[in-house]
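Each chain is listed here by its residues.
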Amino acid sequence: ASPSPTVIIIGAGMSGILAAKTLHDSGIQDILILEANSKIGGRIHSVQFRGHTVELGANWVIGGGPRSNHLYEIAGKLNLKTYLSDYGNISANIYKQEGGLYPKQVVSAALEVAETRDQFCTSFSARLSASGHNHDDVSILVSQRLFKEVPTTPLDMVIDYFYNDYEDAEPPRVTSLKNTIPRYEFLDFGDQTYFLADSRGFESILIYIAKQFLSHKHEVIRDQRLKLNKVVREINYSKNGVQVKTEDGSMYQAKYVIVSVSVGVLQSDLIVFKPHLPQWKTQAIYEFDMAVYTKIFLKFPSKFWPSGPETEFFLYAHEKRGYYPIWQHLETELPGSNILFVTVTDEEAKRIEQQPDIKIQEEIMDVLKKMFGNDIPEPEEILVPRWWSNRFFKGSFSNWPIGYSQRRHMQLKEPVGRIYFCGEHTYSRYLGYADAAYFAGSFPLSCKHTQTNT
Ligand code: FAD
């Protein structure tokens, strides 16, 4: 790399790698990518767990719809093993707080109400959008109130959680209706979600993209333009250029910088901007939401849950909304692995990750015993990702809160002088998804900026 690249890219997740590739493909090859972690991927993070590859971050790819999905296509090209997630039989798989399954007819009736409510919310959102008033928005909860059926029982709440929190990682009270519904990722790419479970990991999609423009040996990227373990702490900018300082005392200069870190990181004090970012920019950053979505993996010596077709997902209904609610076994994807995982979000995810693993395991075992009886084995191992406390992420993905305007979101992605911003939070259509990061990185320098145009 030249001592002074044209562009420094901060972060080597999906959006940073895409931004670098887009620049490279358009002839700007003197770039430098600075990544805090010891590997690329960011929130696409595959790890080994008791001899199996599991995904701490992105897991599902969406495909089969009217618009082709690049990530789904790459997964196909690489022959990665993906499995269609079948949620069709949830009605037979919801457990009561104190144990035992809800009767199928009871759940089917509750699901029907939830489906009608969801349709109401979708059409109400369309009506709000058609009204043409930007400020005309409500939370998902308000639109549920308008429908007159707000979930209050453990069963209705866990079903509502499945419809909303499981997508947004925040409750309907917080989430903007107009900016999250309809869910464009499904409208565009198809309503089929494929769970990626391959020994090469979801990461191999990103490595495939990176290999197209960075030097590599087999699956390892070895290019002087990618520097790992470089934690950026300071960005100095002026109309002449930028200067980036890292925690290890290195300093890099360039004409421009692209910041691809999460909005959660931008809200923290990890990176200091000198001069401070203007008020409109900090407000746009601080008013947006970084949600928390955590998958906790457990490896057991033997299987004690139902397996076979239509058992993959099961729900636990508790009076406390979001208490270890959504469970998935991996008998189809990783047969014989005896691995279960449970998904928690928002305040519960934050509460849980602050506890030691052993305490979390105790809570989980209490829940599992309620569902499957006391005669179940202890897990051999538990794996708890801590996305919220990790200073390089501060959460899992962004969510659009009620009260946040379209104008604010334009400001969120708008450059400040020579500093450009990408990252999934800047691409509203598929907000939160790896697809958003993909597209956010595909137009790295395309935002109009008002202060410098050189
Ligand atoms: P990141 O991946 O966060 O990349 C930013 C990079 O910047 C990181 O590598 C980080 O280490 C680095 N960085 C941070 N601070 C600094 C610093 N100071 N200096 C240098 N580098 C820094 N999406 C889907 O499509 N499907 C899913 O099923 C799905 N499930 C998910 C489940 C979880 C638990 C999580 C966490 C995410 C999930 N996502 C899913 C979302 C998807 O993973 C993200 O939207 C996407 O990976 C974000 O990419 P990004 O490049 O915007 O950000």
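For the structure, see preceding data.
Note that the structure is a prediction, hence the values are computed from the model and not measured.

Caption draft 1: Representation of the overall build of the protein chain in the model. Looking only at helices and strands, the protein chain features 14 helices and 24 strands. Taking 454 residues into account, the globule formula puts the C-alpha radius of gyration at 22 Å, and the protein chain, at 22 Å, falls close to it. Over its C-alpha atoms, taken along the principal directions, the protein chain stretches across nearly 70 × 55 × 40 Å. A buried classification covers 59% of the 454 residues belonging to the protein chain. Intrachain contacts of the protein chain at a sequence separation of at least 6 include 75% that bridge at least 24 residues. Summing over all exposed atoms, the protein chain offers an accessible surface of approximately 18900 Å²; the carbon and sulfur share of this is 51%. Side-chain charges in the protein chain split into 48 positive and 52 negative, and the spacing between the mean points of these groups amounts to 7 Å.

Caption draft 2: Layout of the site of the ligand. In the region of the ligand, 39 residues are neighbours, and Ser15, Glu35, Arg43, Glu424 and Gly432 sit closest. When the ligand sits alone it has 1000 Å² of accessible area, and the protein chains cover 98% of it. Where the shell around the ligand is concerned, the elements lending two or more residues are α1 (14-25) and α14 (434-442). Here the shell around the ligand is built from residues that sort into 23 nonpolar, 12 polar and 4 charged.

Caption draft 3: Region of the structure containing the sheet that holds strand β11 (residues 226-227). The strand order across the open sheet built from 5 strands is β11-β2-β1-β15-β24, with neighbouring strands paired in parallel fashion. What marks the edges here is a single partner per strand, and that holds for β11 and β24 (419-421). Judged from the 2 bridges that link them, strand β2 (residues 31-34) and β11 form a sheet pairing that is parallel. Residue isoleucine 33 lies in a different strand from β11, and its bridge partner there is leucine 226.

Caption draft 4: Representation of the sheet that holds strand β16 (residues 272-274) in the model. Read from one edge to the other, the open sheet built from 4 strands follows the order β14-β13-β12-β16, with strand pairing classed as mixed. What marks the edges here is a single partner per strand, and that holds for β14 (251-254) and β16. Along the sheet, successive strands turn relative to each other by an average axial angle of 15°, direction set aside. In this sheet, strand β13 (residues 241-246) lies alongside strand β12 (residues 232-238) in antiparallel orientation, the contact comprising 6 bridges. Within β13, the position partnered with asparagine 236 by the bridge is glutamine 243.

Caption draft 5: Structural context of the environment of glycine 11. Residue placement: glycine 11 occurs in the loop between β1 (7-10) and α1. Once the C-alpha coordinates of glycine 11 and lysine 211 are considered, the two residues, 200 residues apart in sequence, prove to be 16 Å apart. With near-sequence residues (within four places) excluded, glycine 11 lies in contact with Gly16, Ile33, Leu34, Glu35 and Ser260.

Caption draft 6: Region of interest: the pattern of salt bridges. Following the criterion strictly, the structure yields 27 salt bridges and no others. The closest approach of N and O atoms between arginine 429 and aspartate 188, which form a salt bridge, is 2.8 Å. In this pair, arginine 429 is assigned in the loop between β24 and α14 and aspartate 188 in helix α7 (residues 184-189), connecting sequence segments 241 residues apart. The class for aspartate 188 is buried, based on a relative accessible area of 10%. For aspartate 357, the salt bridge identified is with arginine 386, shortest N-O distance 2.8 Å. Taken together, the positions of aspartate 357 in helix α12 (residues 357-372) and arginine 386 in the loop between β22 (381-383) and β23 (397-399) put the pair 29 residues apart, joining distant regions of the chain. Take arginine 386: its relative accessible area is 27%, and that puts it in the partly exposed class. Through salt bridges with shared partners, a single network forms among Lys320, Glu348, Arg351, Lys359 and Glu363.

Caption draft 7: Representation of helix α4 (residues 140-147). The set of residues buried in α4 consists of Ile140, Leu141, Ser143 and Gln144. End-on, the buried residues of α4 take up no more than an arc of 160°, which puts them together on one face. Looking at the packing, one finds that the buried side of α4 touches α3 (104-130), α5 (154-163) and α6 (165-168). Lysine 148 sits one or two residues past α4 and shows a positive phi near 75°.

Caption draft 8: The packing of α1 against α14, seen in detail. Closest axis-to-axis distance for the α1/α14 pair is 7 Å, and the angle between their directions is 30°. Considered as vectors, α1 and α14 are oriented roughly parallel to each other. Pair α1 / α14 crosses with right-handed handedness. In contact with Met14, Ser15, Leu18, Ala19 and Thr22 of α1, α14 contributes Ala434, Ala437, Tyr438, Gly441 and Ser442. For the contact of α1 with α14, the per-class residue count stands at 6 nonpolar, 4 polar and no charged.

The rules behind the values
Throughout, a residue's number is its position along its own chain's written sequence, starting from 1. Thresholds applied to this predicted model are a pLDDT of at least 70 for local features of residues and 80 or more for the giving and counting of side-chain atom pairs; totals over whole chains, interfaces and linings are not thresholded and use all residues. To get the side-chain values, all heavy atoms of the structure are used, and hydrogens and water are removed first. The way it works is that DSSP assigns letters per residue, a run of H or I at least four long becomes a helix, a run of E at least two long becomes a strand, and they are numbered from the N terminus. Values of the radius of gyration come from C-alpha atoms, whereas the globule rule sets the reference at 2.2 Å times the count of residues to the power 0.38. Accessible area is worked out with a 1.4 Å probe on protein chains only. A residue is then buried under 20% of its type maximum, exposed over 50%, and partly exposed in between. Two residues qualify as a contact provided that any one of their heavy atoms is within 4.5 Å of a heavy atom in the partner residue. Areas reported as accessible are Shrake-Rupley estimates using a 1.4 Å probe. Residue values count occlusion only from the protein chains shown. For the charge count, each Lys or Arg is scored as positive and each Asp or Glu as negative, with His and the chain ends excluded. For this purpose, a charge sits on NZ of Lys, CZ of Arg, CG of Asp or CD of Glu. The nearness test applies per residue and asks whether one of its heavy atoms lies within 4 Å of the molecule or strand. Gly falls in the polar group here, along with every residue not listed as nonpolar (Ala, Val, Leu, Ile, Met, Phe, Trp, Tyr, Cys, Pro) or charged (Asp, Glu, Lys, Arg). For two strands to be treated as a pair, DSSP must find at least two bridges joining them. Structural elements are reduced to axes, namely lines fitted to C-alpha atoms, with helices fitted over the stretch in contact, and the angle between N-to-C directions of any two is expressed from 0 to 180 degrees. We define a salt bridge as a side-chain nitrogen of Lys or Arg found within 4 Å of a carboxyl oxygen belonging to Asp or Glu. It is the directions from the helix axis to the C-beta atoms whose arc is reported. Between 65 and 115 degrees an angle is taken as roughly perpendicular, under 35 as roughly parallel, over 145 as roughly antiparallel, and anywhere else as oblique. Helix crossings fall into two classes, left-handed where the near helix is turned counterclockwise from the far one by less than a right angle and right-handed where it is turned clockwise.

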